[in-house]
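Spelled out from the first residue to the last, the chains are:
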Amino acid sequence: LLQTETDRIVSQLYERLGDAVLGEDDENPEIKTKELLTRYSLMLGTAESCTGGAIAAVLTTVPGCSAYFSGSVVAYQNSIKNKVLGVRSEDLETFGAVSEPVVKQMVSGALAQLGCDVAVAVSGIAGPDGGMDDKPVGTVWIAVGNAQKVVAVRHRFSRNREYNIRRTVNAALLMVHQFVRKEYSNKA
């Protein structure tokens, strides 16, 4: 009886959460990402600022990741965002590194520099310092896209640096899943 009730509640959660669920039990996001990208024969690249390469580090824990992960650009300094990823200097000055226009351009730069099919980019204020009134510590912009489309979302996490980095990694991988399923599901 308890198992039946538990199954019913889990089923309701899946209905409500939809594609916000990346896995369950001991399934981890990097394994689910491997399965997804290999199913669609896609190469993923990352452009990372506030995570310092943590997304790439998680992805590369999976054996055989070179079949679906092309690489990463860790662009902590604005000059690297500009010179390597092609982010416009005027956008960095006008909007700041933690902004929608910048992460979208980071995606475009990663696509160009890494030769991947899909890219994810993150820029944020991991903390514990560096926040401002309009961009407090824990503010993170994440963008994901391909040559045809780029989407971005702003998150507000906590004041804890390690927590913010891990949450950003998980949110970025979830966005990759949502994007790929939406944009490629009819092409498989």
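Whatever comes next refers back to the structure up there.
Residues numbered from 1 in each chain as written. Predicted model: local features only at pLDDT ≥ 70, side-chain atom pairs only at ≥ 80, totals over all residues. Heavy atoms only, no water.

> Looking at this structure, how should I read the pairing of strand E2 (residues 69-74)?
Sheet faces and side chains relate simply in a regular strand, where the side chains alternate between the two faces. Sheet analysis places strand E1 (residues 44-48) next to E2, joined by five bridges and oriented parallel. By the bridge assignment for E2, Ala47 is matched with Val73. This β-α-β element, E1 to helix H3 (residues 54-59) to E2, shows right-handed connectivity. (Pairing = 2+ DSSP bridges. Helix = DSSP H or I, 4+ residues; strand = E, 2+ residues; numbered from the N terminus. Right-handed = clockwise from strand over helix to strand, strands pointing away.)

> Please clarify how the nonpolar core should be interpreted in this entry.
One recurring pattern in soluble globular proteins is that nonpolar side chains are buried together. Core analysis: the biggest nonpolar cluster contains 31 residues, and Val118, Ile142 and Val180 have the highest contact counts within it. Looking at this core, the elements with two or more residues in it are helix H2 (29-39), H3, strand E3 (118-124), strand E4 (139-145) and helix H7 (161-184). Sort the elements by how many residues they give to this core and H7 lands first, with nine residues. Sequence-distant contacts of Ile142, that is, excluding residues within four places in its chain, are made with Val103, Val120, Ala121, Val122, Val151, Ala152, Val153, His155, Thr168, Ala171, Ala172 and Met175. Grouped together as the second largest cluster of nonpolar side chains are 21 residues, Val73, Val87, Val98 and Ile125 included. (Core = buried A, V, L, I, M, F, W, Y, C linked by side-chain atoms within 4.5 Å. Buried < 20%, exposed > 50% of the residue type's maximum accessible area, 1.4 Å probe, protein only. Contact = heavy atoms within 4.5 Å.)

> Mind showing me how you'd approach H2 here?
Since one α-helical turn is 3.6 residues long, residues separated by three or four positions face the same way. When H2 is considered as a whole, its buried residues turn out to be Pro29, Glu30, Thr33, Leu36 and Leu37. Along the axis of H2, the buried positions cluster into a sector of 120°, meaning they face one direction only. The first or second residue beyond H2 is Ser41, which carries a positive phi of 55°. (Arc of directions from axis to C-beta.)

> I tried to follow the pattern of salt bridges on my own but got confused; where do I start?
Here the idea is simple: oppositely charged side chains can pair when their charged atoms come close. Per the counting criterion, the structure on display carries four salt bridges. With a closest N to O distance of 3.6 Å, Lys32 and Glu35 form a salt bridge. Linking Lys32 with Glu35, this pair stays in helix H2, spanning three residues, or about one helical turn. Accessibility expressed as a relative area gives 37% for Glu35, which makes it partly exposed. Among the salt bridges present, the one from Glu100 reaches Lys104, with a minimum N-O distance of 3.1 Å. Of this pair, Glu100 and Lys104 both sit in helix H6 (residues 100-114), four residues apart, which is roughly one turn of that helix. For Lys104, a relative accessible area of 28% corresponds to the partly exposed category. (Salt bridge = Lys/Arg side-chain N within 4 Å of Asp/Glu carboxyl O.)

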